[in-house]
There are 4 protein chains.
Amino acid sequence: MSMIAIIHHSGYGHTRRMAEFVQNGVTKAGATPHFLTIDANGDLPAEAWDILNRADGMLFGAPTYMGGPSWQFKKFADASSKIWFGMGWRDKFAGGFTNSATMNGDKFSTITYFVTLAMQHGMVWIGTGMMPSNTKSATRESLNYVGGFTGALAQSPADASVAEMVKGDLDTAEAYGERFAKFVAARAK
Amino acid sequence: MSMIAIIHHSGYGHTRRMAEFVQNGVTKAGATPHFLTIDANGDLPAEAWDILNRADGMLFGAPTYMGGPSWQFKKFADASSKIWFGMGWRDKFAGGFTNSATMNGDKFSTITYFVTLAMQHGMVWIGTGMMPSNTKSATRESLNYVGGFTGALAQSPADASVAEMVKGDLDTAEAYGERFAKFVAARAK
Amino acid sequence: MSMIAIIHHSGYGHTRRMAEFVQNGVTKAGATPHFLTIDANGDLPAEAWDILNRADGMLFGAPTYMGGPSWQFKKFADASSKIWFGMGWRDKFAGGFTNSATMNGDKFSTITYFVTLAMQHGMVWIGTGMMPSNTKSATRESLNYVGGFTGALAQSPADASVAEMVKGDLDTAEAYGERFAKFVAARAK
Amino acid sequence: MSMIAIIHHSGYGHTRRMAEFVQNGVTKAGATPHFLTIDANGDLPAEAWDILNRADGMLFGAPTYMGGPSWQFKKFADASSKIWFGMGWRDKFAGGFTNSATMNGDKFSTITYFVTLAMQHGMVWIGTGMMPSNTKSATRESLNYVGGFTGALAQSPADASVAEMVKGDLDTAEAYGERFAKFVAARAK
């Protein structure tokens, strides 16, 4: 059974809820998810590094703040340099997801950063593999309406509570988690 | 009076309409717009290079196709290498806009490419300078709902005619043209 | 035996030579390479689409011109939208390489565009998985001295002939072709 | 007299030295530099926000760590959201610089992030405006050999001390500081 770490930071809970749906998708695919939350100081649970080092794949999650991933996520990324020196994550699979208040608002920047991080580690990137919902009949609730290819995207208005997140975005996150874990299960050695 | 070139390619007319609204904004700001359309072969009107070489600022426009600006726009960009060798556009102002069918769908990639092109030319980049409409009260018609900062973004469903483009997106394009031209007018030597 | 397409454009022959070394690496890994050259008009050999549709992986190659891939490569990318509508390349592996005259000079932009294209197609991206040669003892001839992670990078001075390309860069391209093909061979279904 | 803030983080001193040369260039241009160092916790000197709010332009500096700006810089960027809400930095000029151990190694990613941050703030971006040194006669000591357009780039081997930084890279940083400050002086209101 393949093991997938969902390593994420969340400022106000929206990205965390997105991560929960990603986790649901991983579970649906029959893989074992590990839910690892980076805290407000950019620190990880004690067991996190061990889990990451053993994982077949990792899904990076962070809110998009000021045009990129939150600093807490970046602190984790910088700390991973110790593993990079030994290429400890080489050939593991990677993916990513982000939430922000604005419809576009530089979410692409965050996801592309995740790719750049993964590539430095020698990881292999799996995107959403989804078509967008982009015709006149599409609604805000349609799957992949926000329209991410490299990673899963959610948009939650600046004054929306976690409970008010758009269901279609959460379903997209779940579908991505499932697609990711299925690909990993089929291809992990 | 400052002179602003709106150099753009449009596949089906949506980006061209966006360019018209950008042009309206430039005119409202009291600057002189030059509307330069790159054709289906990636070629420019005969007078275009002369106008670009004399312009105080240029606004780059292209649809986002397959994750970046249309090849016709890129053909123009590649042809501009002749000017680059002599730094002919150094210190001119630059900006950009794009339309695509998907809400996010890699529009950021196109706009970031425009910046990269402008920077190679030694140009100075002016973004939208707008706040996004990203609260629960925002509607699809709100100014900068699609949410671009580096450049102006429009989203038109894959099956939407040019006439069906979202008015809020066109108003955003106009506001950007005006902001760009005002900044240039105040700062051009 | 897995089948890898090396689909590339070359303006003056440098990227083509890089593609030849990528091909050598693919062959060393025991996979079957298909060498597909995009011509000066951005058109492909007649059999190219059929080969691409059957390939297990594709390596995208283009020179970096004016901050991005050559327009001829982009014309191919835009033409691939027909396949995208049917998700014909979903789950295939992808990678990329580029050459330019300047040491940095926006090669990252070209490689990141390749990722964006691959992700829209639902492909899975394999980077170089190499450490850089970045200590004081490194020379211009060292493996991955130019230092690409997401894809393989070569730098050839503006006045250097194809024969004068840096051997270390070509060896890097070959090592990448081999790494890519080995990963694909182990993971392709 | 225009006022330019050089707001930077440095892990081991290399980026700080680069910032000093940027500062020299600002001074040579006749502008007033303010040297603001973000500390190891991502915190700023007490007077920093006041200076930034009054500056005509800011130059962002950070090392490139794991494919992007150091987390300490990102913490500053995230903290600037308070100013963003009121568009307090709108129409100020911005630029950026970075150092890393690898020749390419994702420096483009850091610089592009700086642009994205500046654009969210409504700032106007000034790149290096320099040609690269990219012919066969160029040496590692040539101006802009590392080859940045959007911002100034330095490369210091992983085992090089601050004193061992390449003089050509530091001269490039100084030339950029001067170009930036001259442009600002001529165009600031």
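To keep things clear, this report deals only with the structure shown in the data block. Being a predicted model, the structure only gives us computed values, none of them experimental.

## Topic: the interface of chain C and chain D
Here comes step 1: Listed by partner, the interface residues are 23 residues for chain C and 23 residues for chain D.
Here comes step 2: Buried area between chain C and chain D, both sides added, is near 2100 Å², and the carbon and sulfur share of it is 53%.
Here comes step 3: For the chain C face of the interface with chain D, the top three residues by lost area are N104(C), F108(C) and K136(C), together amounting to 30%.
Here comes step 4: There are two salt bridges connecting chain C and chain D.
Here comes step 5: Among the ionic pairs, K136(D) bridges to E164(C), the shortest N-O distance being 2.8 Å.
Here comes step 6: At the boundary of chain C with chain D, the tally comes to 14 residue pairs in polar contact (both at pLDDT 80 or more).
Here comes step 7: Of the residues forming the side of chain C that touches chain D, the biggest block, three residues, is contributed by helix 5 (residues 107-120) of chain C.
Here comes step 8: Taken together, the residues that form the side of chain C that touches chain D break down as eleven nonpolar, seven polar and five charged.

## Quick notes on the interface of chain A and chain C
Many structure descriptions define interface size as the accessible area lost when the parts assemble.
Here comes step 1: Each partner contributes to the interface: chain A provides 31 residues, whereas chain C provides 31 residues.
Here comes step 2: Counting the surface chain A buries against chain C, the share from its top three residues, M119(A), M131(A) and R187(A), is 24%.
Here comes step 3: The interface formed by chain A and chain C holds two salt bridges in total.
Here comes step 4: Here R179(A) makes a salt bridge to D91(C), at a shortest N to O gap of 2.8 Å.
Here comes step 5: In this assembly, chain A and chain C are joined by eight residue pairs in polar contact (both at pLDDT 80 or more).
Here comes step 6: Only helix 5 (107-120), strand 6 (124-126) and helix 6 (167-187) of chain A provide two or more residues apiece to the side of chain A that touches chain C.
Here comes step 7: Summarising the sheet, strand 6 of chain A and strand 6 (residues 124-126) of chain C pair through three bridges and their orientation is antiparallel. Counterpart to W125(A) in the pairing with strand 6 of chain C is W125(C).

## A word on unusual backbone geometry
Here comes step 1: Despite not being glycine, N144(A) shows a phi value in the positive range, around 55°.
Here comes step 2: With respect to the helices and strands, N144(A) occurs in the loop between strand 6 and strand 7 (152-155).
Here comes step 3: Judged by its relative accessible area of 2%, N144(A) falls in the buried class.
Here comes step 4: If you check the backbone angles, M66(D) has positive phi at about 45° while not being a glycine.

## With respect to the relation of the copies chain C and chain D
Here comes step 1: The transformation that overlays chain C on chain D combines an axial shift of 0.0 Å with a rotation of 180°, and the residual RMSD is 0.0 Å. The superposition of one copy onto the other is thereby described by a two-fold rotation axis. By C-alpha distance to the rotation axis, the residue of chain C lying nearest is N104(C), at 2.7 Å.
Here comes step 2: Interface overlap between copies: 100% of the residues of chain C at the interface are likewise at the interface in chain D, consistent with a symmetric, same-surface contact.

## Details of the relation of the copies chain A and chain C
Here comes step 1: With an axial shift of 0.0 Å and an RMSD of 0.0 Å, the rotation relating chain A to chain C amounts to 180°.
Here comes step 2: In this assembly the copies share their binding face: 100% of the residues contributing to the interface of chain A also contribute to that of chain C.

## Thoughts on the pattern of salt bridges
Here comes step 1: According to the stated counting rule, one finds 48 salt bridges over all chains in the structure shown.
Here comes step 2: One salt bridge connects E20(D) with R16(D), and the closest N-O pair in it is separated by 3.6 Å. Here E20(D) pairs with R16(D), and both are found in helix 1 (residues 14-28), just four residues apart, close to one helical turn.
Here comes step 3: With a relative accessible area of 35%, R16(D) lands in the partly exposed category.
Here comes step 4: Overlapping salt bridges, with partners in common, bring together K28(A), E174(A), E178(A) and K182(A) in one network.

## Focus on the side chain of H9(D)
Residues and elements named next belong to chain D.
Here comes step 1: By the secondary structure assignment, H9 is in strand 1 (residues 3-9).
Here comes step 2: By relative accessible area, H9 is classed as buried at 3%.
Here comes step 3: Side chain to side chain, H9 and S70 meet in a polar contact 2.8 Å long.
Here comes step 4: Not counting residues up to four positions away in its chain, the partners in contact with H9 are T15, I38, D39, A40, G61, A62, P63, S70, Q72 and F73.

## Quick look at the environment of T110(D)
Residue and element names in this part refer to chain D.
Here comes step 1: With respect to the helices and strands, the residue T110 is situated in helix 5 (residues 107-120).
Here comes step 2: Assessed through its relative accessible area of 0%, T110 is described here as buried.
Here comes step 3: Along the sequence, T110 and T150 sit 40 residues apart, while their C-alpha atoms lie 10 Å from each other.

What counts as what
Residues numbered from 1 in each chain as written. Chains lettered and ligands numbered in written order. Predicted model: local features only at pLDDT ≥ 70, side-chain atom pairs only at ≥ 80, totals over all residues. Heavy atoms only, no water. Contact = heavy atoms within 4.5 Å. Buried area = accessible area lost by both parts, 1.4 Å probe. Salt bridge = Lys/Arg side-chain N within 4 Å of Asp/Glu carboxyl O. Polar contact = N/O pair within 3.5 Å; in protein donor to acceptor, adjacent residues only side chain to side chain. Helix = DSSP H or I, 4+ residues; strand = E, 2+ residues; numbered from the N terminus. Nonpolar A, V, L, I, M, F, W, Y, C, P; charged D, E, K, R; others polar. Pairing = 2+ DSSP bridges. Buried < 20%, exposed > 50% of the residue type's maximum accessible area, 1.4 Å probe, protein only. Least-squares fit on C-alpha atoms with pLDDT ≥ 70 in both.

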